[in-house]
Amino acid sequence: MDRRILFVGCGSMAEAIIAGLLQTKTVDKSQIFVTNKQDTARLAYMKDTYGVKTSYDKEALFSRADVVVLAMKPKDLKDSLLTINPYIKENQLIISVLAGVMTETIEETLNKKVAVIRTMPNTSAQIGHSATAITGGKYVTEQQLEYAEKLFQTIGMTKIVSEDDMHTVTAVSGSGPAFIYYFVEAMKKAALEAGMDAQTADALITQTIIGAGKMLEQSGQSADTLRKNITSQGGTTEAGLQSLEANEFEKIIMACIHSARNRSLDLAKAIQV
């Protein structure tokens, strides 16, 4: 992949993608350019940490870029697009990693026949294990969609979805890692309260999460089946699950996903042209 990639915005998601691309040696650091609104300290960090090129010279940056990754905060999208619009060319591929932002919104704001691909990776991209959903706007070709797939497959798995599903994707796999980390935090607190030392708790819980994920990935069995397989009548697992049911754990998780999805919908409405 010899295309030059410009990241507009360099928050945690952009950093995760850049780190993943460099770690897998898919893109050389000389092909990656980064800019942001005004956080010079953050740009300096990206340059020092990853060796990528950074600049505020928009004309120079965009003239070199084959691919432009929009990675600013969603609330800053409209102002950012108006600022960079004079430098966007119709032969460039625009890839958005912004939660809740429709491809149509970007197309209409730019008012150009430019190919826009919307993606929803997660921060596991940094270690090559992102789950990334991808959807294309009306000017995207099959070749461009394939390029985006190959690009994001270097930092994990990809799935082509309809744009209507992207709000759910944002809640499930985009925000999902944070929900799992929160669950892990609660498990650790319980272990510490029971007298276990922190290092042992961290090791056991981390491997438990990894192992459960691998079972879901490799066993060919559903989560429901795997759960039932380790739930003996009158046993410890059953006791724990009964506590989760009594406290409406399933409803809490479903409400969590619905809230995240609804926020994605709200963001989309807030930044429509």
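Residues numbered from 1 in each chain as written. Predicted model: local features only at pLDDT ≥ 70, side-chain atom pairs only at ≥ 80, totals over all residues. Heavy atoms only, no water.

Caption draft 1: Looking closely at the sheet that holds strand 5 (residues 93-96). An order of 3-2-1-4-5-6-7-8 is seen for the 8 strands of this open sheet, with the pairing classed as mixed. Edge strands, defined here as strands with exactly one partner in the open sheet, are strand 3 (53-54) and strand 8 (156-160). Of the strand pairs in this sheet, strand 7 (residues 130-136) and strand 8 are connected by 5 bridges, and their pairing is parallel. Across the sheet, Ala133 pairs through a bridge with Lys159, a residue of strand 8. (Pairing = 2+ DSSP bridges. Helix = DSSP H or I, 4+ residues; strand = E, 2+ residues; numbered from the N terminus.)

Caption draft 2: Structural detail: the nonpolar core. The biggest cluster of nonpolar side chains holds 34 residues, and the ones touching the most others in it are Ile5 and Phe7. Of all elements in the fold, only strand 1 (5-8), helix 1 (12-23), strand 2 (32-35), helix 2 (40-50), strand 4 (67-70), strand 5, strand 6 (115-120) and helix 6 (142-153) reach the threshold of two or more residues within this core. Ignoring any residue separated from it by four or fewer positions in sequence, one finds Phe7 in contact with Ala14, Ile17, Ile18, Leu21, Ile32, Phe33, Val34, Thr35 and Val69. Counting 21 residues, the second-largest nonpolar core is a separate cluster that includes Val8, Phe62, Leu70 and Ile106. (Core = buried A, V, L, I, M, F, W, Y, C linked by side-chain atoms within 4.5 Å. Buried < 20%, exposed > 50% of the residue type's maximum accessible area, 1.4 Å probe, protein only. Contact = heavy atoms within 4.5 Å.)

Caption draft 3: Highlighting unusual backbone geometry. Positive phi values are uncommon outside glycine, yet Asn111 reaches one of about 55°. By secondary structure assignment, the location of Asn111 is in the loop between helix 5 (103-110) and strand 6. Notably, Glu248 is not glycine yet its phi reads approximately 60°, a positive angle. Tracing the backbone through its elements, the reader meets Glu248 in the loop between helix 11 (236-246) and helix 12 (249-270).

Caption draft 4: Representation of the packing of helix 7 (residues 166-174) against helix 12 within the structure. Between helix 7 and helix 12, the least distance of the axes is 8 Å, while the angle of their chain directions is 130°. As judged from the angle between their axes, helix 7 and helix 12 are oblique. The element helix 7 and its partner helix 12 pack so that their crossing is right-handed. Here His167, Thr168, Thr170, Ala171 and Val172 of helix 7 lie close against helix 12, whose contacting residues are Ile257, Ala260, Arg261, Ser264, Leu265 and Ala268. In terms of residue class, the contact of helix 7 with helix 12 is made up of 6 nonpolar, 4 polar and 1 charged. (Axes fitted to C-alpha atoms, helices over the stretch in contact; angles between N-to-C directions. Parallel < 35°, antiparallel > 145°, perpendicular 65-115°, else oblique. Left-handed = near helix turned anticlockwise from the far one by under 90°. Nonpolar A, V, L, I, M, F, W, Y, C, P; charged D, E, K, R; others polar.)

Caption draft 5: Structural view of the pairing of strand 7. Burial analysis of strand 7 places 5 of its 7 residues in the buried class, the great majority of the element. Pairing between strand 6 and strand 7: 4 bridges, direction antiparallel. Bridge pairing in strand 7 links Met120 to Ala133. The handedness of the strand 7 to strand 8 crossover, carried by helix 6, is right-handed. (Right-handed = clockwise from strand over helix to strand, strands pointing away.)

Caption draft 6: Summary view of the pattern of salt bridges. Per the stated rule, a full pass over the model turns up 9 salt bridges. In this structure, Lys228 engages Asp224 in a salt bridge whose closest nitrogen and oxygen atoms are separated by 3.3 Å. Taken together, the residues span about one helical turn, with Lys228 and Asp224 both in helix 10 (residues 223-229) at a distance of 4 residues. The residue Lys251 makes a salt bridge to Glu248 at a minimum N-O spacing of 3.5 Å. Judged by its relative accessible area of 55%, Lys251 falls in the exposed class. Residue Glu248 is classed as partly exposed on the basis of its relative accessible area, which comes to 42%. By sharing partners, the salt bridges in this structure join Asp224, Arg227 and Lys228 into a single network. (Salt bridge = Lys/Arg side-chain N within 4 Å of Asp/Glu carboxyl O.)

Caption draft 7: Molecular detail of the pairing of strand 1. Residue alternation in strand 1 divides its side chains into two sets, Ile5 and Phe7 and Leu6 and Val8, and both sets are buried. Of the pairings in the sheet, the one linking strand 1 to strand 2 comprises 4 bridges and is parallel in character. Opposite Val8, over in strand 2, you have Thr35 as the bridge partner. Viewed along the sheet, the connection from strand 1 through helix 1 into strand 2 turns out right-handed. As judged from the 4 bridges shared by strand 1 and strand 4, these two strands associate in the parallel manner. Bridged to Val8 within strand 4 is Leu70.

Caption draft 8: Structural context of the side chain of Ser173. By the element assignment, Ser173 lies in helix 7. Those residues within four positions of Ser173 in sequence are excluded, and the remaining contacts are Met120, Asn122 and Ala131.

Caption draft 9: Broad picture of the environment of Thr231. Within the secondary structure layout, Thr231 lies in the loop between helix 10 and helix 11. As a C-alpha pair, Thr231 and Leu241 span 10 residues in sequence and 8.6 Å in three-dimensional space. Those residues in contact with Thr231 that sit more than four places away from it in its chain are Thr237, Glu238 and Leu241. At 2.6 Å, the side chain of Thr231 forms a polar contact with the backbone oxygen of Arg227. (Polar contact = N/O pair within 3.5 Å; in protein donor to acceptor, adjacent residues only side chain to side chain.)

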